[in-house]
Amino acid sequence: MGIAIVVTSGKGGVGKTTTSANIGSALALNGQKVCLVDTDIGLRNLDVVMGLENRILFDLIDVAEGTCALQKALIADKRFESLALLPAAQTRDKNAITPEQMSEIVTQLKREFDYVIVDCPAGIEQGFRNAVAGADQAIVVTTPEKAAVRDADRIIGLLERERVGMPKLIINRVRSHMVKSGDMLDVEDILAVLAIDLIGVVPDDDFIIKSANSGEPAVMNHEARASIAYRNIARRLLGESVPLLPLEEKKGVFTKMRKFFGFK
Amino acid sequence: MTITKSKVTIKGTKNGLVFFMDDTCSFEELVADLREKIEHSHQQILSGPLIRVTVKLGKRYCTPEEQELLTQIIRQRGNLVIHLIDADVISKEEAFAERLKSTFTIETRTVRSGQVLEFDGDILLLGDVNPSGVVKCTGSIFVLGSLRGVAHAGCSGDREAIIAASVMNPTQLRIGEVISRPGEEWAKTTGSAEFAYLEDDKMLVAKMNYLHRVRPDLGRKKA
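Worth saying up front: this structure is predicted, and the values here are computed from it rather than measured. (Residues numbered from 1 in each chain as written. Chains lettered and ligands numbered in written order. Predicted model: local features only at pLDDT ≥ 70, side-chain atom pairs only at ≥ 80, totals over all residues. Heavy atoms only, no water.)

Caption draft 1: Focus on the nonpolar core. Residue and element names in this part refer to chain A. Core analysis: the largest hydrophobic core is formed by 50 residues, its most contacted members being Val37, Leu86, Ile105, Leu109 and Leu194. Counting residues per element, this core draws most heavily on helix α7 (residues 146-161), at six residues. Apart from the residues lying within four places of it in its own chain, the contact partners of Leu109 are Cys35, Val37, Leu70, Leu74, Leu86 and Val116. Counting 38 residues, the second largest nonpolar core, distinct from the first, contains Val49, Phe80, Ile170 and Ala234. (Core = buried A, V, L, I, M, F, W, Y, C linked by side-chain atoms within 4.5 Å. Buried < 20%, exposed > 50% of the residue type's maximum accessible area, 1.4 Å probe, protein only. Helix = DSSP H or I, 4+ residues; strand = E, 2+ residues; numbered from the N terminus. Contact = heavy atoms within 4.5 Å.)

Caption draft 2: Local environment of the sheet that holds strand β9 (residues 141-147) of chain B. Residues and elements named next belong to chain B. Read across the open sheet, the six strands follow the order β5-β7-β9-β11-β14-β15; overall the sheet is mixed. The sheet is open, and its two borders are formed by β5 (104-108) and β15 (202-207), each paired with just one other strand. The mean angle between the axes of side-by-side strands here comes to 25°, regardless of whether they run parallel or antiparallel. (Pairing = 2+ DSSP bridges. Axes fitted to C-alpha atoms, helices over the stretch in contact; angles between N-to-C directions.)

Caption draft 3: Highlighting the environment of B:Gln76. Looking at the element boundaries, B:Gln76 is found in the loop between α2 (64-75) and β4 (80-87). Taking C-alpha positions, B:Gln76 is 19 Å from B:Glu29, a pair spaced 47 residues apart along the chain.

Caption draft 4: Examining the pairing of strand β2 (residues 34-38) of chain A more closely. All names here are of chain A. Of all the five residues making up β2, five are buried; the element is thus mostly covered by neighbouring parts of the structure. Neither face of β2 is exposed, since Val34, Leu36 and Asp38 on one face and Cys35 and Val37 on the opposite face are all buried. Pairing between β2 and strand β4 (residues 83-86): four bridges, direction parallel. Each bridged residue has a counterpart across the sheet, and for Val37 the counterpart in β4 is Leu86.

Caption draft 5: Quick look at the packing of α7(A) against helix α9 (residues 187-194) of chain A. Residue and element names in this part refer to chain A. Following both chains from N to C, one finds α7 and α9 inclined at 35°, their axes separated by 10 Å at the closest point. Relative to α9, the crossing made by α7 is right-handed. Of α9, the residues touching α7 (which contributes Val149, Ala152, Asp153 and Ile156) are Ile190, Val193 and Leu194. For the contact of α7 with α9, the class distribution of residues is six nonpolar, no polar and one charged. (Left-handed = near helix turned anticlockwise from the far one by under 90°. Nonpolar A, V, L, I, M, F, W, Y, C, P; charged D, E, K, R; others polar.)

Okay, structure coming up:
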């Protein structure tokens, strides 16, 4: 029996889908059988980020309504054998499925996969209730902005009410130079308010945008700092103890010397 | 005519008149005797300048309607002003409400955004109140943690209530119907434990070691 993890945030645009795609891919890289489930019905994105848009035949609603078998709706990933995607419907809305149906589908998936990663839509309405149904664990994604932290706080409260186990926190898009200058909330500030376990800090990285546009999960890259951060999060989920990445990129002797002599 | 014990005994004190109501007779008998005294027999002492009247009901329980009837009879004399109607007994309901008012609730949790913690009586919260979280009670609020959200003490009008917190950093404080925001009436907090209280309709925030001077009786319940 696998574990179902819902990736949620409350606020939109903080990186739920990117996080789902990358954690799912990173877990698959580690040899786990992973299924990604997109619950953002009507505004599906996970298939685009994964570069699997053109392979969709059936979707979550088809499965819920019994139009097709669960197995037929699953899309095998083109890169990893052990990774599958259950896409959301684009022509329907969040009310097309009930939390009970969702819970049933997740339970079925858990029998076959080690990890079921559920990408939650923004908001706290029906879409959130659907995504949370059947989840064993939750990952809350936030960015170092007051509004995102406020919404994350609200979501954590709702997760507690839904009795999903203690959520884990990912702080996404941290800009080290702004934290340093005091213009951005730092990790300590956010943890003081949210008071949940931190599972990773992902630096702001242009590479994430590039990879999302090209439909290649960022974790495929070995150098990008955000990619390393996501891979570390997956390792922590698997129970490894991995220290947090220093936010500041280490400068080599050559760069330091150039700076010393006044070159950019 | 046989002499029966008077149902209403009137005594004069330096604070005015005290009406002792017999609590062993029926209410009708009591009303009849009170009428008799007010309207006929005690004309001299019941006329003259304004007099404060205290009504002692003893161990008789009077409903609000019954109290109103007694009040009306006494008010027939324009110079009698009812100051207090006092009974040694209260109804179970009132007793229960009274007990709730004096309860002290201990709660261990984080009050997160969108959550409202509401109680009768005082509350001790072992945890934080996050921005957009609300703690509300009829008594005082004590937060052993950071207060970053909204706290409303004495929400049914108790102006003696206080709000205390280990770290006082709220978005808004309310005591009774007085609302205050940081930076308006009181300056940035010191970081040590502090409490907010009302003084002449103004909210003030002070360090905890000042509390015994402002509210020496806090914690000792009124009888």
